[in-house]
Amino acid sequence: MIYVAEISARVDAVGTLQTFLFATQGFATRPTDAPASTVARERLLQPANYSRALDVSAPFGVVNTGFGECVLLNPDGELDALLRYGVDGSQFRLLAKAETGGAYPADWTVCLVTSMDRVECREPGRVSIVLRDGVKSLLDKPVCTTFAGTGGLEGTAAMTGQPKPRVYGAPFNAPLTLLNGNDIYLMSDKPYTACFANFDGRYIIYNEAAGYDNVANYAALVAQSVSPGMAYRCGVDSVVKLGSVPAFPATFDGSRNVAGYASPWRTQVGEVVSDMAEDAGLSVGQIDGSVAAVSGVVSYFVRDISTTYTQALDSVARSRGCFVGFDRLGVLQLQPWAAPLGIPACSFNQHNCRVESFRQQVPYGVIKANGARNWTPMSNADVANATKAASLEFATQLANSTMSTASAGSVPAKHPLATPFEFEYLGSNGNVVGNIIPSGIMASASVGGVEALIGVERDALQLAAPLSLALLTAVDLGAVVQVTLPRYGLSSGKLYRVAGIRYEFAMRKLIFTLWG
């Protein structure tokens, strides 16, 4: 097997990008290849070792940041210049082929696409390229931007440097941010927020006109007069104008949307994850086409400078019993975690694998869902008198207690050390839906669904298998495989779901962490 490490580096102060090729067997690309007429220097010692994994005890949320390294031979110091180049966040690709020849990269198999963190020399004669996946390089950055303080949608001078609000899905009772110091409030820094209702201490402020865009834009809203106790909305700029100064905290119920408001309830977990990923700067090609179709109601609101996209994605995916992360080819995936079923992607037996560890996990005890989220918890004094009878209970709670529920827990006689597991439900509030977790494809997010996954005895095993391109391309995180062995009660075969993979290209093996 011949491997090629393709490294993109910024080689000067203006960020000029240059591609370098290093191979286990040297060759040169043709003029029609990409990159064209480039020498792949025979200096690739360790093509890559690389790991990606979920928490096998509760495989929900963001995939643990992938990490690893690629090692190049540098006995003559020819590659010392790499230590001075900028590679942080740049792309690393590893390709393989049985023998040289053919078009590059069209006739090669892409084994791995990830990002680089740095280049360092750990020992004489070798250069190590430290690898990190897109969770760190693309998503570990703040969700919220800050106000410039220059007026209009950038807020007053006093707001300079303060975080802007951001809406995903349809958060309940989200706070309004006073924008002009007077009467205009910002719902989100992204356009097309469909405002369903504004509130003064949860007392509804009625809209003076129908529709989500009562005026064309922010400038028109500034000029628009509003009757006392009423509101005008401008969804295209995600702002509202109130006709009276609120006596209590000003909030809204609304939803992130798209031009034309074709989908007033853009609240499915796949839609929310897609919106977050695009806001983080991912291109359409970096987000798998199946992500947006994953269903299950979820919403999120943030206004601070510390919450990152990684944290936000972890919260919404965990709320719906999903995992989210980049696959082997660097494409963002969102999948519901479920018991292993169906046709396995591959089958392992005593002839093609070696078990490195096997254990039965202690199940979780009581499984509790805290829901649904109230994004502006209020005190008794914050709730308007006219609506206290109907609104006080849910307005003063961070998580609606009438929608929180818990399982009975596993049998303590067998598992006295079983610990509780809690997750936050970020779906529709009971004031709107009245159901803790709607049924459907994401039923695993319910307490009963989660209990069936991690509240029962599950195996966790690691097995090593010889690396082949067929196995490499067939199995990724979340895939179902079958294991048949004469030991561990597996003589009849059992299905498992892949919760972790370690790629050892130099050792020519793959190590899988399996759950089931």
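Everything here concerns the structure above.
Throughout, a residue's number is its position along its own chain's written sequence, starting from 1. Totals for whole chains, interfaces and linings use every residue, but because this is a predicted model, local features are given only for residues with pLDDT of at least 70 and side-chain atom pairs only at 80 or more, for both listing and counting. Remark: hydrogens and water are excluded; side-chain values derive from all non-hydrogen atoms of the structure.

> Help me understand empty space enclosed by the protein in this model?
Empty pockets left among the atoms are what a rolling probe the size of a water molecule brings to light. With a 1 Å grid spanning the protein atoms alone, the term cavity applies to any set of points in which a 1.4 Å probe fits but cannot get out, the term pocket to an open set with protein on both sides within 12 Å along at least five of seven lines, and the term lining residue to any residue with an atom within 4 Å of a point. Grid points are joined across faces, edges and corners, and a volume is the space filled by probe spheres set on the points. For the coordinates displayed, the defined rule picks out two cavities of 30 Å³ or more. Of the volumes computed, that of the largest cavity is approximately 50 Å³. Together, Ser-57, Gln-361, Val-362, Pro-363, Tyr-364, Leu-453, Ile-454, Val-456, Arg-458 and Trp-515 line the largest cavity. Broken down by class, the residue content of the lining of the largest cavity amounts to seven nonpolar, two polar and one charged. Only Asp, Glu, Lys and Arg are considered charged, only Ala, Val, Leu, Ile, Met, Phe, Trp, Tyr, Cys and Pro nonpolar, and every remaining residue, Gly among them, polar.

> What should I look at first to understand unusual backbone geometry in this one?
Residues Ala-34 and Pro-35 are joined by a peptide bond in cis, for which omega reads 0°. Runs of H or I in DSSP of at least four residues are treated as helices and runs of E of at least two as strands, each being numbered from the N terminus. For Pro-35, the location among the structural elements is in the loop between β3 (27–28) and β4 (39–41). The residue after Tyr-104, namely Pro-105, is reached through a cis peptide bond having omega 5°. Along the chain, Pro-105 turns up in the loop between β8 (91–97) and β9 (109–123). Within the chain, Ser-37 stands out as a residue other than glycine whose phi angle is a positive 45°. Position of Ser-37 relative to the elements: it lies in the loop between β3 and β4. In the Ramachandran plot, Ser-238 falls in the positive-phi region, its phi being about 55° despite a non-glycine side chain. Residue placement: Ser-238 occurs in the loop between β17 (230–234) and β18 (239–242).

> Would you take a moment to explain the sheet that holds strand β12 (residues 174–175) for this structure?
Hydrogen bonds along the backbone pair up the strands of a sheet, which may run parallel or antiparallel. A pair of strands is considered paired only if DSSP assigns at least 2 bridges between the two. Taken in spatial order, the eight strands line up as β12-β19-β15-β16-β17-β18-β14-β13 in an open sheet, and their pairing is mixed. The strands lining the two open edges of the sheet, one partner per strand, are β12 and β13 (177–178). Bridge analysis of strand β14 (residues 184–186) against β18 gives three bridges, and the strand direction is antiparallel. Counted as the bridge partner of Tyr-185 is Val-240 from β18.

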